[in-house]
Amino acid sequence: MSGETPARYQPQTTEAKWQAAWDAAGCFVARRDPARPKYYVLEMFPYPSGRIHMGHVRNYTMGDVVARYKSARGHSVLHPMGWDAFGMPAENAAMQEGANPAEWTYRNIAVMKGQMKPLGLSIDWSREFATCDPEYYGQQQAMFLDFLEGGLVYRKAAVVNWDPVDMTVLANEQVIDGKGWRSGAEVERRELTQWFFRISEFSEELLTALDGLENWPEKVRLMQKNWIGRSRGLQFGFSTVDAPEGFERIEVYTTRPDTLMGASFVAVSPDHPLARHLERHDSEVAAFNAECRRIGTTEEALEKAEKRGLDTGIRVRHPFDTAWELPVYIANFILMDYGTGAIFGCPAHDQRDFDFATKYGLAIPTVFVPEGEEDAPLAEAYVPPKTERVHYVRGFAGEEVQTGDAAVEAAIDFCESRGVGQGVTKFRLRDWGLSRQRYWGCPIPVVHCETCGVVPEKKENLPVELPSDVSFDQPGNPLDRHPTWRNCACPRCGEPARRETDTMDTFVDSSWYFARFTAPRAQTPTVAAEVDYWMNVDQYIGGVEHAILHLLYSRFFARAMHRTGHLPAKAIEPFDALFTQGMVTHEIYMTRDARGRPVYHLPEEVEDGKLRATGEAVQVVASAKMSKSKKNVVDPVNIIERFGADTARWFVMSDSPPERDVEWTSAGAEATFKHLSRVWALSERIAAMPEGGPAPGDGDLMRAMHRAIDEVTRTIEGFAFNKSIAALYTFTNALAKAEASGAASRQAARVLAQLMAPMVPHLAEEVWAMQGGEGLVTEAAWPEADPAMLVSDTVTLPIQINGKRRAEITVAADATKDEVEKAALADDAVLRFLAGAAPKKVIVVPGRIVNVVL
RNA sequence: GCGGGUGUGGCGGAAUUGGCAGACGCACUUGGUUUAGGUCCAAGCGCCGCAAGGCGUGGGGGUUCAAGUCCCUCCACCCGCACCA
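## A few points about the state of the cysteines
Alright, step 1. Inspection of the entire model under this criterion finds zero disulfides.
Alright, step 2. Here C346 is not cross-linked by a disulfide; its sulfur's nearest cysteine counterpart is in C415, at 14 Å.
Alright, step 3. The exposure class of C346 is buried, given its relative accessible area of 4%.

## Considering the protein's contact with RNA strand B
Alright, step 1. Around RNA strand B there are 62 residues in total, and N172, R438, R642, K723 and R805 lie nearest to it.
Alright, step 2. Protein-adjacent atoms of RNA strand B, using a 4 Å cutoff, are sugar or phosphate at a proportion of 61%.
Alright, step 3. Contact between RNA strand B and E173: a phosphate oxygen at 3.0 Å from a main-chain N or O atom of the residue.
Alright, step 4. D655 is positioned with one of its side-chain polar atoms (N or O) 3.2 Å from a base nitrogen of RNA strand B.
Alright, step 5. Looking at the surface near RNA strand B element by element, the count peaks at seven residues for helix α22 (residues 721–737).

## Here we look at the side chain of R293
Alright, step 1. Mapping R293 onto the fold places it in helix α9 (residues 283–293).
Alright, step 2. Residue classification places R293 among the buried residues on the basis of a relative accessible area of 16%.
Alright, step 3. For R293, the contacting residues outside a window of four places in its chain are R189, P270, D271, R276 and E279.

## With respect to unusual backbone geometry
Alright, step 1. Cis geometry is adopted by the peptide bond preceding P463, which originates at L462 and carries an omega value of -5°.
Alright, step 2. The topology assignment puts P463 in the loop between β21 (453–456) and α13 (478–481).
Alright, step 3. Here the bond from M535 into N536 is cis, since omega is 5°, no more than 30 degrees from zero.
Alright, step 4. Positioned with a positive phi, M167 is a non-glycine residue whose angle comes to about 55°.
Alright, step 5. As for its placement among the helices and strands, M167 is situated in the loop between β3 (153–163) and β4 (168–170).
Alright, step 6. Notably, D655 is not glycine yet its phi reads approximately 65°, a positive angle.
Alright, step 7. Structurally, the position occupied by D655 is in the loop between α19 (645–653) and β32 (662–663).

Each value, and the rule that gives it
Here the residue numbers are simple positions, counted from 1 along each chain's written sequence. Chains carry letters and ligands carry numbers; both start at the beginning, A for chains and 1 for ligands, and go up in the order they are written. Note on the predicted model: pLDDT of at least 70 is required for a residue's local features to be given, and 80 or more for side-chain atom pairs to be given and counted; whole-chain, interface and lining totals, by contrast, use all residues. Side-chain metrics rest on all non-hydrogen atoms present in the structure, leaving aside hydrogens and water. The rule for a disulfide is simple: a pair of cysteine sulfur atoms within 2.5 Å. Only protein chains enter the accessibility calculation, which uses a 1.4 Å probe; a residue is then buried when its area is under 20% of its type maximum, exposed when over 50%, and partly exposed in between. For this purpose, a residue is taken to be near a molecule or strand whenever a single non-hydrogen atom of the residue falls within 4 Å of it. Here a polar contact is recorded for every N or O atom pair within 3.5 Å, except that within protein the pair must consist of a potential hydrogen donor and a potential acceptor, and residues adjacent in sequence are included only if both atoms are side-chain atoms. Only DSSP runs of H or I with at least four residues qualify as helices, and only runs of E with at least two residues qualify as strands; both kinds are numbered from the N terminus onward. Residue contacts follow a heavy-atom distance rule, with two residues in contact if any of their heavy atoms lie within 4.5 Å.

Coordinates in, geometry out; function isn't part of it.
Below you can see the structure in the form of structure tokens.
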């Protein structure tokens, strides 16, 4: 480093220098190395929106800490990066600014990559790809064809949000209060024939395999379990009275057959065949069904809507008593997708049914009551857990007092023996609809032929590339109205045919990118030798908002890829460990305009609670996820320019546990910069220390050093990076105050550099070089803590009297319980409290605490 | 509505999983050094109280020698809900 060493910590110059050094040494190029254990760390890849944000910085820094740490521990590390590049924002930009989606996307990728590079992430950029590269989506199309051949893809009708003014399909987020976001028109539900992945074939398997995902957060496994929603129930048919021809029976599915004697009505979905039949002949039914279809397609909207029904006039006979007739309603809260699209309502033991029965004046017969209570009219539905024992007053199978679970099984057995339906297992999980009526996605590689029907494209014709000459001046899918793109020859008969114009859901793109990173340029989707070596992802890191869909779809895809020969059996669970990180939040600064509407201000426009420009006081609203609409965003680019990447990286890793939200504050960023500056100055001071002989403080410093190694190692392993940072503060303070020799101080400073390196790699290289470290700290082996240096020979124990801390004693670390008790009872403070009396009880927890009970 | 989660000083959080609540950092206060750049150093800092002492982990109740941690109950906020990525 010679005399050119800057006089101050100057990340702007040093960070670029070390990044160039890492590149020159090829530190981050992933290599298959049979001599070393491999480690694959992956952060969920970003959508190229145009700028990186602090959430990205936090996400990728976490992955970087793991990657650099594992590398120092001797692993051959794969740490790639790519772009989830298809999606609606590119089309929106095309519509609003006339941009070309591909150009817009690749421009954004270039900008974001330019913003990410200065962060100094240990990424193997040679493996980079975007999902909108024909090279990538062509392989995706090849797999689609394999899935099709393997019976994992099929077509069926499904409902979409239809905007009747824009004549286009809307995403759920484009439907606001039941109206199209652009046109403002009432959105309709419309049926289209669409492509589906047969994920439901794996329902049972995807559920049971969750148990093996021990390194996934418990909450994510639980959410997936509930989403898959396995249930045991009874399916049976009610025979009808006065029903149209062909509807002699209505099949229902219930998870509570034990409440069959509490039935008071039958309800069918507005999309049920019976409801559809009736609406053709009955204007009242047609109007009601149309009203229901306006609610939208999300489960949330259906559940929140007011529960409404229409009496069809049709009745059904109770299976146990043909004289007992129940009315049949069409009801807006019955889902056609779940079960049979028809239910019987038991208002006494289901709150929705209770509300419905109350509204329409239907009977509410009680089936069971709490043990030891009498049957009495209910004010609300009585819904105890199925594991609780209750007293059946209208039971028909099993014991009079039993749990709900037992009653359900008894009811199924009873019904089956009487020929009333059969016990079935059903899943909530529906097949995955992948068709999108949009341009900017992976084309579905099939052809529609007049004579041959739906024909897969030949693999040698892949990729089916998107045309670039498209216009967005009118609504709808540009592929549909492209003059030539749709025209093609039938791969089977050669006659003129028409391409499929639907493209794939972008979740398809992100369901296998992790596998593609192992061989990103291959002419096949994957390469056996590479997936065998690199899979599985050892550590996957991303937002909890992906807990269900992305992760479940990826688990399905891995199985489908295995079945079609693209992944080995060991990779059917592609992510060995999952970590879900929290968001980066910031305070919101708000003023109001003349009409009292809120006006938001960027943090850099505000100083000391006032607007910089006008001096007007701003209202500070509680911290929330950074969002453009609230303007509570801090641009990482500005932070890196001002303080350097290490400050940004250190800050997002400090304070909050990684799984929780972290609040960005300018004071915190400044404090981080000051700390890193102090470390730099401290290192410079230590580098200049004379050699000298051993000093009295050497022992203490070495003990502090080994404690730091131990603490930082354990906390990185445990994904508690905030605690790693706290340990680094403690060690730095100890080093700054140590009265140690030059040799010991330099050794400690080198270890400090190694321990800091995963979080602040550039500063770590500076310190390492100043202390005469060999080569790059990035390539140095992780230090080991000496266990002998971690223990002390005495320990100070608190003494409680009746659970309140009153004194403390210092005893030998290996003192027996009796010795500790004797020492505690001899303590002055304890003697004062005892006042001559004998204690009732003395609890000694070795190494922890003593509690004297009077 | 359903499913999942979170709640500890002025602020972010820690607590070895039932054993000293507040580690570490920010902010703040006091003192010192130096004043040029974004200073640095030392000390203090949960709340009430002059003190002795009392109170304190979202609210209420319980189990225990001992509860932030376990149980019951209530409240608030956040995330997901299948076409946002």
